[in-house]
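# Close look at the chain arrangement
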Amino acid sequence: MDLSDTTEVEVARRAARRRRTGARVALYGLVLAFTGMAAFPFVWATITAFKRNQDLYNRANNPFVFNLDPTLEHVDLLLSGTAFPTFARNTLLVGVLVVAITLALSLPAAYSLARLDMPWGGAMGIAIFFVYLIPPSLLFISLSRVVATLRLQDSVWALVVLYPTITVPVSVWLLMGFFKTIPREIEEQATIDGYSRFGAFARILVPLAFPGIVAVVVFAFTLSASEFIYALAFVARTSEKTISIGVPTELVRGDVFFWQSLQAATVMVAVPIALVFNLFLERFITGFTMGAVKG
Amino acid sequence: MAIVEVRALTKHFDGDVHAVEAVDLATTDGEFLVLLGPSGCGKTTLLRMIAGLEEPTAGDVLIGGNSMAGLPPRARRIAMVFQSYALYPHKTVLQNIVFPLKAAGMAPDERRRQAQWAADLLGIGHLLDRKPRHLSGGERQRAALARALVREPSVFLLDEPLSNLDAKLRATARDDLKLFQRRVGTTTVYVTHDQVEAMGMGDRIVVMDKGRVRQVGTPGDVYRHPADTFVATFLGSPPMNLVRRDDVVVGFRPESFLPKGVADAGAEALTVSFHVHRVEYLGSERHVIGTVEGLGEETRVIAMLPATVSVDVPVERSHEFVVAAGDLRFFDVGSGLRTERQRL
């Protein structure tokens, strides 16, 4: 291109502008497509939850719209015809306790592995990770002996004890990564500023690893809420069941599926978790240690 | 205020890396002592041992006359500024500055007042609500200094605090830092690999190499009377010229090596033939690069002529250059140590 030719430069400028607009349109198109894909199951589930049987089970009807008036009867069945509130309470209890246990064990473990330079640190880190690689579908056989010895069969407490065996190894590795990204000097500065190693850990490292901690909380909670095999193997009494096992066992009776109530249960569990997660989304994503050292 | 002293301080890593080797040093009260050396010479390790961040392999650190052995960093009443400044990224400038005061259990009002005082002293009083990532390099450095200053420590330990600043800012920051230290009068140990910083700021300079102290002295001392060939060539830009002559090394600074007749070098001046290869014109000075003949082994040397010397020095010709007798230094060939002056 001849830069001294005004028309040629103007043509090039217009072409560049067109390309930018095109890129914008493509980007938004892609984002919308992905959003639609992610949201679609929830929209469909929500619509289904309020459909009458005559509407849902007629193959001539459009499954994505209300062909007959919506109804609350299936939600009512879920809330008053099953022990769903008990399941939800149990799930919350297990989730909160598992999160607490996971953090209490994995924060100090991850810190030690990331920072203390112990001779066996590397080997121990790998050993912890191997624990995670054993599939639960094999492990529950031997764990049933453990549960029996602890006299926790048919109790929600069996799950409180067992779920951390899955969550802790993953969380240790996840947090280790976060601790390693925090410059050592920041911690040393805290020990010079008058704090003990533990003080520096609690006041500086934990806040800086906050995005990692959020990730651990979300992971541990969603795992406890969705885990199926242990819940199925160790808990049979309705009053002790969690949602993941309670809902399918109570709403699939023989070969009859209570689809609308099942969908209602799905949405009622997913939406609150999504909202809570959204609260932390910003801090979850932000490069939190930016500007700590230089640059 | 306190005197920092180290006795036979030694640090070995993994058994065979000798980072610091039997170093003895003592500051005077309120002194600005600079540890100077190339990277890997052990100066930062020495500073970290004074701070209590590294456990010495042997030897002792004394602050205010008392051994610090077994005391964690927080018990040593020191303040340290790291090369990276190590500001807490999740705290505002104010929260950063009050952090050490919180540890000391100071009341919130008092903390706030003290922090404001320190911030004002360093000219960052208007930045207290900012997060470190919203500060410029110079402002971060000041925030780190304010945090160090705020609890009135007995010793400042500074680890290359200017090396992350650009060249122009570094010059003013050097000035500010030195004035600031003089005003608060706190004993300061300052680590740098930059000889300009060391010469410009230090009351005394400790030149280190390979974990050992090569020389301790005022900037004038170490520059004019280097203890060995390492110090002679590490300080000065361009460094001291060294010419081997039999079992002695003759040294002279480029600025003492001038064309004959330019300055009155005295009766005992050494006159040598200087074959010029190249002349670099640098504005305030000229560097004349060539080889000396007849003094000893033929060696590449540099003469530095100030802009006030306008004598023409054509290249690829030999010229008569002189060095005043008082500007000649002599070193032992084997050990590199300074020896008696000799007649040439």
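Quick look at the structure, then. (Residues numbered from 1 in each chain as written. Chains lettered and ligands numbered in written order. Predicted model: local features only at pLDDT ≥ 70, side-chain atom pairs only at ≥ 80, totals over all residues. Heavy atoms only, no water.)

### Focus: the overall build of chain A
Heads up, the condition is: Strands are runs of DSSP state E lasting at least 2 residues, helices are runs of H or I lasting at least 4, and numbering of each runs from the N terminus. The globule rule used for comparison is 2.2 Å times the number of residues to the exponent 0.38, while the radius of gyration itself is calculated over C-alpha atoms. Burial classes follow relative accessibility: with a 1.4 Å probe on protein chains only, a residue under 20% of its type's maximum area counts as buried, one over 50% as exposed, and anything between as partly exposed.
Of the regular secondary structure elements, chain A holds 13 helices and two strands. The globule rule puts the C-alpha radius of gyration for 295 residues at 19 Å, and the 26 Å found for chain A is more than 25% above it. Along the longest, intermediate and shortest principal axes, the C-alpha atoms of chain A span 80 × 65 × 35 Å. Relative to its 295 residues, chain A shows a buried fraction of 35%.

### Here's the deal with the overall build of chain B
The criterion, for reference: Contact criterion: two residues are considered in contact whenever any of their non-hydrogen atoms come within 4.5 Å of each other. Working definition of accessibility: Shrake-Rupley area with a 1.4 Å probe, residue cover restricted to the visible protein chains.
The helix and strand tally for chain B stands at eight helices and 18 strands. Split into buried and exposed, the 344 residues of chain B put 51% on the buried side. In chain B, the share of contacts with a sequence separation of at least 24, taken over all contacts with a separation of at least 6, comes to 64%. Carbon together with sulfur atoms contributes 48% to the accessible area of chain B, which is approximately 15200 Å² in total.

### Structural notes on a nonpolar patch on the surface
Here is the rule we go by: Residues qualify for a patch when their relative accessible area is over 30% and they have no salt bridge, like charges being joined within 9 Å and the nonpolar side chains of Val, Leu, Ile, Met, Phe, Trp and Tyr within 5 Å. One speaks of a salt bridge when a side-chain nitrogen belonging to Lys or Arg is within 4 Å of a carboxyl oxygen belonging to Asp or Glu.
Judged by side-chain polarity, A:Ile126, A:Phe129, A:Phe130, A:Tyr132, A:Leu133 and A:Trp173 come together as a nonpolar surface patch covering roughly 580 Å² of accessible area. Broken down by element, the nonpolar patch gets its largest block of residues, five residues, from helix α5 (residues 121-133) of chain A.

### What to know about the interface of chain B and chain A
Accessible area lost upon the coming together of the parts serves often as the stated size of an interface. Stated formally: Buried area: the sum, over both parts, of the accessible surface (1.4 Å probe) that disappears when the two are put together. Amino acids are sorted into nonpolar (Ala, Val, Leu, Ile, Met, Phe, Trp, Tyr, Cys and Pro), charged (Asp, Glu, Lys and Arg) and polar (every other residue, Gly among them).
Across the contact, 27 residues belong to chain B and 23 residues belong to chain A. At the boundary of chain B with chain A, total buried surface from both sides reaches about 2300 Å², with 58% on carbon and sulfur atoms. There are two salt bridges connecting chain B and chain A. A salt bridge links A:Asp193 to B:Arg147, with the nearest nitrogen and oxygen atoms 3.9 Å apart. Put simply, the parts of the chain that give the side of chain B that touches chain A at least two residues each are α1 (43-51), β6 (78-81), α2 (93-103) and α4 (137-149) of chain B. Considering each element in turn, the side of chain B that touches chain A owes the most residues, four residues, to α2(B). Residues belonging to the side of chain B that touches chain A are distributed by class as follows: 16 nonpolar, three polar and eight charged.

### Some points on the nonpolar core
A general feature of soluble globular proteins is that nonpolar side chains tend to end up buried together. Selection rule: Definition of nonpolar core: a set of buried residues of the types Ala, Val, Leu, Ile, Met, Phe, Trp, Tyr and Cys, connected through side-chain atoms within 4.5 Å.
Within the largest apolar cluster, 76 residues are counted, with the highest numbers of intra-cluster contacts made by A:Phe179, B:Leu46 and B:Leu157. Looking at this core, the element that brings in the most residues is helix α7 (residues 156-181) of chain A, giving twelve residues. In this structure A:Phe179 touches A:Leu107, A:Ala110, A:Tyr111, A:Ala114, A:Arg115, A:Phe201, A:Leu205 and A:Ala209, once residues within four positions along its chain are discounted. With 44 residues, the next largest nonpolar core counts B:Val34, B:Ala79, B:Leu135 and B:Val150 among its residues.

### Considering the side chain of B:Thr10
Residues and elements named next belong to chain B. Rules: N or O atoms closer than or at 3.5 Å make up a polar contact, with two conditions inside protein: a donor-capable atom paired with an acceptor-capable one, and, for residues adjacent in sequence, both atoms drawn from side chains.
Looking at the element boundaries, threonine 10 is found in strand β1 (residues 4-13). Here threonine 10 falls in the buried class, since its relative accessible area comes to 9%. Within the structure, the side chain of threonine 10 is placed 3.2 Å from the backbone oxygen of alanine 8, a separation counted as a polar contact. Polar contacts involving the side chain of threonine 10 include one to the main-chain amide nitrogen of alanine 22, which spans 3.0 Å.

### With respect to the packing of helix α4 (residues 84-115) of chain A against helix α10 (residues 210-226) of chain A
All names here are of chain A. Formally: Between N-to-C directions, angles span 0 to 180 degrees; the directions come from axes that are lines fitted to C-alpha atoms, helices contributing only their stretch in contact. An angle below 35 degrees is treated as roughly parallel, one above 145 as roughly antiparallel, one from 65 to 115 as roughly perpendicular, and anything else as oblique. Each crossing gets its hand from how the near helix is turned against the far one by less than a right angle, where anticlockwise is left-handed and clockwise is right-handed.
In the contact formed by α4 and α10, the axes pass within 8 Å of each other and the chain directions differ by 140 degrees. One element, α4, and the other, α10, form an angle in the oblique class. The crossing of α4 and α10 is right-handed. For the pair α4 and α10, the contacting residues are Thr91, Leu92, Val94, Gly95, Val96, Val98, Val99, Thr102, Leu103 and Leu107 in the first and Ile213, Val216, Val217, Ala220, Phe221, Ser224 and Ala225 in the second. When the residues that make up the contact of α4 with α10 are grouped by side-chain class, the tally is 13 nonpolar, four polar and no charged.

### A few points about α1(B)
Since one α-helical turn is 3.6 residues long, residues separated by three or four positions face the same way. Residue and element names in this part refer to chain B. For α1, the tally of buried residues reaches eight of nine residues, placing the bulk of the element in the interior. All of the buried residues in α1 are Lys43, Thr45, Leu46, Leu47, Arg48, Met49, Ile50 and Ala51. Backbone geometry just downstream of α1 places glycine 52 in the positive-phi region, at approximately 95 degrees.

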